[in-house]
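Observations on the model geometry
Listed here are the chains, written in short residue letters.
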Amino acid sequence: MLATVSSATLVGVDGHPVVVEVHVSNGLPGFRVVGLPDASCRESRDRARAAIISSGFSWPQKRVTVNLAPTGLRKAGPGLDLAIAVGLLAADEQFPARSLQGLAFIGELGLDGSLRRVPGVLPLVAAVCEPTVVVAPACAQEARFVEGAVVRAVSSLKALVGVLKMGSGWPELPPAGCNQDDPPAPDLAEVRGQPFGRQALEVAKIHSAAGLELAAIGLSLRPPFRSPHHSSSAVSLIGGGGARLRPGEISCAHCGVLFLDELAEFPGSVLDNLRQPLEEGRVVVCRASAAVAFPARFMLVAAMNACRCGADGSPGSCQCTEAARARYANRISGPLLDRFDLRVRVRRPEVEDLLGTGEVTSAPTAATRETTSVVAARVGIARRRASERGVRANAELPAWRLEEVAPLSGGARRLLEQRLRDGRLSARGLDRVRRVALTVADLAGQEGALSEEHVLFALALRAPEVLGAVAKGPFLERRQSHRATDTRAIGAGDDR
Ligand SMILES: [Zn+2]
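Attention in this report is confined to the structure presented alongside it. (Residues numbered from 1 in each chain as written. Predicted model: local features only at pLDDT ≥ 70, side-chain atom pairs only at ≥ 80, totals over all residues. Heavy atoms only, no water.)

Section: the overall build of the protein
How we decide: Secondary structure elements are taken from DSSP: a helix is a run of H or I of four residues or more, a strand is a run of E of two residues or more, and numbering for both begins at the N terminus. When accessible area is computed with a 1.4 Å probe and restricted to protein chains, residues below 20% of their type maximum are described as buried, those above 50% as exposed, and intermediate ones as partly exposed. Throughout, a contact is declared for two residues whenever any of their heavy atoms are within 4.5 Å. Computed by Shrake-Rupley with a 1.4 Å probe, the accessible areas treat only the displayed protein chains as cover when residues are assessed.
Scanning the protein for helices and strands turns up 21 helices and 18 strands. When the 496 residues of the protein are sorted by exposure, 50% land in the buried category. Across the protein, the fraction of contacts at a sequence separation of at least 24, relative to all contacts at a separation of at least 6, is 72%. As displayed, the protein offers around 22100 Å² of accessible surface, 53% of which is attributable to carbon and sulfur atoms.

Things to note about the coordination of the zinc ion
How we decide: A donor here means an N, O or S atom no more than 2.8 Å from the metal, or no more than 3.2 Å when the metal is Na, K or Ca. Since water is not included, a site may seem to lack partners. For four-coordinate sites, all angles between 85 and 135 degrees define a tetrahedron; for four- and six-coordinate sites, opposite donors beyond 155 degrees with the remaining angles between 65 and 115 define square planar and octahedral shapes respectively, and all other cases count as irregular.
Surrounding the zinc ion are the protein donor atoms C307 (SG), C309 (SG), C318 (SG) and C320 (SG), which sit 2.2 to 2.4 Å from the metal. Considering all four donor atoms around the zinc ion, the spread of angles at the metal, 106 to 113 degrees, places the coordination shape in the tetrahedral class. If you list the donors of the zinc ion from N- to C-terminus, the spacing comes out as C-x1-C-x8-C-x1-C. For C309, a relative accessible area of 39% puts it in the partly exposed group.

Notes on the packing of aromatic side chains
So the rule is basically this: Centres within 6.5 Å are what make two rings of Phe, Tyr or Trp a pair, Trp counting through its six-membered ring; a difference in plane orientation under 30 degrees is then read as stacked, over 60 as edge-to-face, and the rest as tilted.
The tally for this structure, following the rule as stated, stands at two aromatic pairs. Taking the centre distance of 5.5 Å and the plane angle of 20 degrees together, the rings of F31 and W59 count as stacked. With F31 in strand β3 (residues 30-34) and W59 in the loop between α2 (44-54) and β4 (63-69), this residue pair connects regions lying 28 residues apart in the sequence. With respect to burial, F31 and W59 carry one shared label: buried.

Quick notes on the environment of L89
With respect to the helices and strands, L89 occurs in helix α3 (residues 81-91). Sequence separation between L89 and V22 is 67 residues; the distance between their C-alpha atoms is 9.3 Å. Excluding its chain neighbours within four sequence positions, the residues that come into contact with L89 are I52, F57, Q94, F95, L157 and V161.

Structure, rendered in structure tokens:
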């Protein structure tokens, strides 16, 4: 007897429909899965067997062949467990196979027959060809984000077969809603004694996109924030892996923020992998089994000390030699550094700032204790102006539109020309400075041509000497030979 069951498998971040064909015939008892299953998919056999027996059904003492179609597509992970077990019971005539019509099944089975969540439910449910999808209760909320899908959730194989035999009586779905478990977000008012750093953060926030990649980061309504450790491998950061190509941290940060703390501690070869995704907003990972494109449009924020000891060159406490500090700063390649829109030196906060005993020491403006909501309101206005230009943030403006939307005043043009001529600004940097200057003008609520002040402010926010004193020579060469400074440095940039 033959039964066919609909399901789906994940390739990269995309779901692909899979038809599970189960054939049960007389002959020497055995169980084979064919159709390019990976190791965890082949193990379905053992999980399905234990789950079927634990649920009180009988394991057929017959010859069982499971074919996963299309056979040219590699099937990865345990998400086909449920479809295989259901197909097996139907093919063994333990319940009528016609009750499977119009249904698709996605889920991993526990040995006790319980249903578990699988990664990527959103693209999987979107990929199936049937109108109704059965998933584990833990996945139901995510599955319902797929428009038009009828979602059913059951907690176990036994409960599912009970419903299939009856033909009705699906259990109630867990209540819908957003993720209530998010911890409260930190407030900008908590940043003390760093007025300039906060200005940079503010401009960086404008460049960020507020979308959400549900499949990669779950159901939180907050944009993703990923902060991988500096020991992360290139594969974990960029994506890839074995048979099942997984998205890396940069894709998990899609439409959000990727924060690299202790930037100089990341291996240079790992960091340089970021250059292409920063330009294209996606990364293509090629392996012998497949080539997969992952979305990776994220805001990159990074922080590092000026030297390894962390004393930031303070006289008396920093033990680093000049050469050691230069080596430390040189760990960041010039081309990567050039892709940061904003590069800011953050001075050490004064004691009075930290203890909250005085306002006089640091604040150049009265804005030192602004809360996130106050800043967010300003950012919202600047965002709206960007959307009037047809982009989410000014960082997305193509170079050919800059002359139209960000015209330069005479003074601003002379200033940039001088920086280009004496090599203090690169060609790529020029466009980035204009976009940041436009954002500065937006934040100040000013229209018309960009003034010298706007451009000066943008230039100050991408100080080339952030990682070292500047010697003579062309822009990039200078950066690669820079000497370390005695201040803590933070770089922040939005590359889209
Ligand atoms: Zn030091």
